[in-house]
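In case you want the letters, here they are:
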Amino acid sequence: MIYAMLYAENADIIGTYESESEALRDLAQFVGEHPDLQDEVGLRPYLDGRPVGDFKSATDLLGSRLAQQQFVDA
Amino acid sequence: VLRERVRRFRLATGALIRPTALPPLPKDLGLPSRYVLAAPTTGQIVYRIVGRSTLANLEPLHFASNLERDRPRAPKQDYMDWLGISVFGTLEAALNNAARYPKMVAPVRLVAGHGFMIARTEADIHHHYALWGDPEDLLRHVMGDVVRVDEPS
């Protein structure tokens, strides 16, 4: 199983990861720096070259964490 | 080991020589997987997911790289990848990779002589290619109608 970081709009793949935790860490860093992308960018699991789950945006995956971070940043 | 490498090289270069074949993965030529093996296009057809746009309102933006769209480079994204766009070598793969429905998929014929370059990238994702080209020129090479996807295939 791998996790792809991608844009939902056009499936532009912008990274692949062998572990979900690593993918989530990079996703949090990326949208932490670019919060305007948190609904556009997310992760999708792949197995044997094919998607095996739905795309989930950074908001879906990190929602409370992002809100907390934005609160702290403010 | 040498015989196996020669066999893989023949297979891969055979694929490159065929007029409308798409390029192989670098590892098929015995190269490290992080290498990018980009080839000039020779008339291949690839499939680009273009959001919710129909043929009537497609724009160059739909074929622009993340850099051209002022999107930041992601933590693990190579600079070269930032300059290209994701396309798929089969319609089925494009349909499988679409998210948030409905979605449109545009077939694009990558004729020779327009400076288009293509590479098989993301080995863990079937039929994924990176494509480099002038967005306006790519738009001019959309062929036929865009295909609508309403649900996961």
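An account of the accompanying structure is given in this report. (Residues numbered from 1 in each chain as written. Chains lettered and ligands numbered in written order. Predicted model: local features only at pLDDT ≥ 70, side-chain atom pairs only at ≥ 80, totals over all residues. Heavy atoms only, no water.)

### Overview of the overall build of chain B
For chain B, the helix and strand inventory stands at four helices and seven strands. Put simply, chain B runs from its N terminus to its C terminus through helices and strands in the order α-β-β-α-β-α-β-β-β-α-β. In chain B, buried positions account for 48% of the 153 residues. Taking the intrachain contacts of chain B between residues at least 6 apart in sequence as the baseline, contacts between residues at least 24 apart amount to 68%. Element-wise, carbon and sulfur atoms account for 55% of the exposed surface of chain B, whose accessible area totals about 7900 Å². (Helix = DSSP H or I, 4+ residues; strand = E, 2+ residues; numbered from the N terminus. Buried < 20%, exposed > 50% of the residue type's maximum accessible area, 1.4 Å probe, protein only. Contact = heavy atoms within 4.5 Å. Areas by Shrake-Rupley, 256 points an atom, 1.4 Å probe, with all protein chains shown as cover.)

### Structural notes on the nonpolar core
I49, F88, V105 and I125 of chain B are the most contacted members of the largest nonpolar core, which totals 19 residues. Elements that contribute at least two residues to this core include exactly β1 (2-7) of chain A together with β2 (44-49) and α3 (91-97) of chain B. Other than its neighbours up to four places away in sequence, I125 of chain B contacts I2, A4, I13, T16, Y46 and G49 of chain A together with F88, N97 and R120 of chain B. (Core = buried A, V, L, I, M, F, W, Y, C linked by side-chain atoms within 4.5 Å.)

### Here we look at the pairing of strand β5 (residues 117-120) of chain B
Residues and elements named next belong to chain B. In terms of strand pairing, strand β1 (residues 38-40) meets β5 through three bridges, oriented antiparallel. Residue pairing across strands places A38 opposite A119, the latter belonging to β5. Relative to strand β6 (residues 128-132), β5 runs antiparallel, the two sharing four bridges. Paired with R120 across the strands is Y129, a residue of β6. (Pairing = 2+ DSSP bridges.)

### So, the environment of T59 of chain A
Residues and elements named next belong to chain A. For T59, the location among the structural elements is in helix α2 (residues 58-73). The exposure class of T59 is partly exposed, given its relative accessible area of 27%. For T59 and E33, which are 26 residues apart along the polypeptide, the C-alpha to C-alpha distance reads 14 Å.

### Examining the interface of chain B and chain A
Taken residue by residue, the interface counts 31 residues in chain B and 29 residues in chain A. The interface formed by chain B and chain A includes three salt bridges. Here R71 of chain B ties to E9 of chain A by a salt bridge, and the two come within 2.8 Å at their closest N and O atoms. For the interface between chain B and chain A, the tally reads 16 residue pairs in polar contact (both at pLDDT 80 or more). (Salt bridge = Lys/Arg side-chain N within 4 Å of Asp/Glu carboxyl O. Polar contact = N/O pair within 3.5 Å; in protein donor to acceptor, adjacent residues only side chain to side chain.)

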